[in-house]
Amino acid sequence: MSGYTHHESQRPEEVGLVMDGTGLSRQEQLILTAIERELCGDQQLDRRLRTMARRSMPLAATRGLLRRVPLGGTVGVLVLLSVALFHPAEASSSPALIWAFAAVWACTLFAMVLLVRRWCRGHRRQEQGPHRGTAE
């Protein structure tokens, strides 16, 4: 059995289990139209649905933050921290120090990639100049 239950006095088409053809029945179309009309009138829901896409993308939220962070200084601090962690991790062979070094080094590489990417974009914009019609 499909998991649907209905009262024995009701036919499957009355419960909505059977549908003729691929489209909606007249009654289903009327119900759907009424629901859509009611939802269109809900301005708070409409506003939440329009802004939902921006909040659902975690990387989009961090882009603005990454643009404001001084990456040159951040990379410098991460490099110094990596060097400071490398020597004790190498000398002691402590798993905690090795993992800490690996995490800081991964962050350092990521920040370096962002820094180079930012530098290349700025360099490309300078080459294109204002005659290209760019708004930035």
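Residues numbered from 1 in each chain as written. Predicted model: local features only at pLDDT ≥ 70, side-chain atom pairs only at ≥ 80, totals over all residues. Heavy atoms only, no water.

K.L.:
Break down the overall build of the protein for me, with residues and values.
P.N.:
Scanning the protein from N- to C-terminus turns up six helices and zero strands. Listing each helix as α and each strand as β along the protein from the N terminus yields α-α-α-α-α-α. Long-range contacts, defined here as pairs at least 24 residues apart, represent 46% of the contacts in the protein between residues at least 6 apart. Surface summary for the protein: the accessible area is close to 11,800 Å², and the carbon and sulfur share equals 61%. (Helix = DSSP H or I, 4+ residues; strand = E, 2+ residues; numbered from the N terminus. Contact = heavy atoms within 4.5 Å. Areas by Shrake-Rupley, 256 points an atom, 1.4 Å probe, with all protein chains shown as cover.)

K.L.:
For the side chain of Ser82, give the residues involved together with the corresponding values.
P.N.:
Summarising the element assignment, Ser82 is placed in helix α5 (residues 71-92). Setting aside residues up to four positions removed in sequence, Ser82 forms contacts with Phe101, Val104, Trp105 and Thr108.

K.L.:
So, unusual backbone geometry: which residues are in play, and what are the values?
P.N.:
Located in the positive-phi region is Ser93, a residue other than glycine, with phi close to 55°. Along the chain, Ser93 turns up in the loop between α5 and α6 (95-128).

K.L.:
I'd love a proper account of the nonpolar core, names of residues and values included.
P.N.:
Within the largest apolar cluster, five residues are counted, these being Val75, Leu78, Leu85, Val104 and Ala111. Looking at this core, the elements with two or more residues in it are α5 and α6. For this core, the element with the highest residue contribution is α5, accounting for three residues. Apart from residues lying up to four places away in sequence, Val75 is in contact with Ala111, Met112 and Leu115. (Core = buried A, V, L, I, M, F, W, Y, C linked by side-chain atoms within 4.5 Å. Buried < 20%, exposed > 50% of the residue type's maximum accessible area, 1.4 Å probe, protein only.)

K.L.:
Tell me what's going on with the packing of aromatic side chains, and back it up with residues and numbers.
P.N.:
On inspection of all chains with the given rule, the structure shows two aromatic pairs. Ring geometry for Phe101 versus Trp105: centroids 6.4 Å apart, planes at 10°, classification stacked. Residue Phe101 and its partner Trp105 are both found in helix α6; the two are separated by four residues, about one turn of the helix. Judged by relative accessible area, Trp105 falls into the partly exposed class, the value being 36%. (Phe/Tyr/Trp six-rings, centres within 6.5 Å; stacked < 30°, edge-to-face > 60°.)

K.L.:
An account of α5 is requested, with residue identities and associated values reported.
P.N.:
Taking 1.5 Å of rise per residue, the 22 residues of α5 would be expected to cover 32 Å, and the 31 Å separating its terminal C-alpha atoms lies within 8% of that figure. Residues of α5 that are buried include every one of Leu71, Val75, Leu78, Ser82, Leu85 and Ala89, and no others. Angularly, the buried residues of α5 cover 100° about the axis, an arc narrow enough to put them on a single face. Residues of α5 that are exposed and point more than 90 degrees away from the buried face comprise Val77, Leu80 and Ala91. (Expected span 1.5 Å × (residues − 1). Arc of directions from axis to C-beta.)

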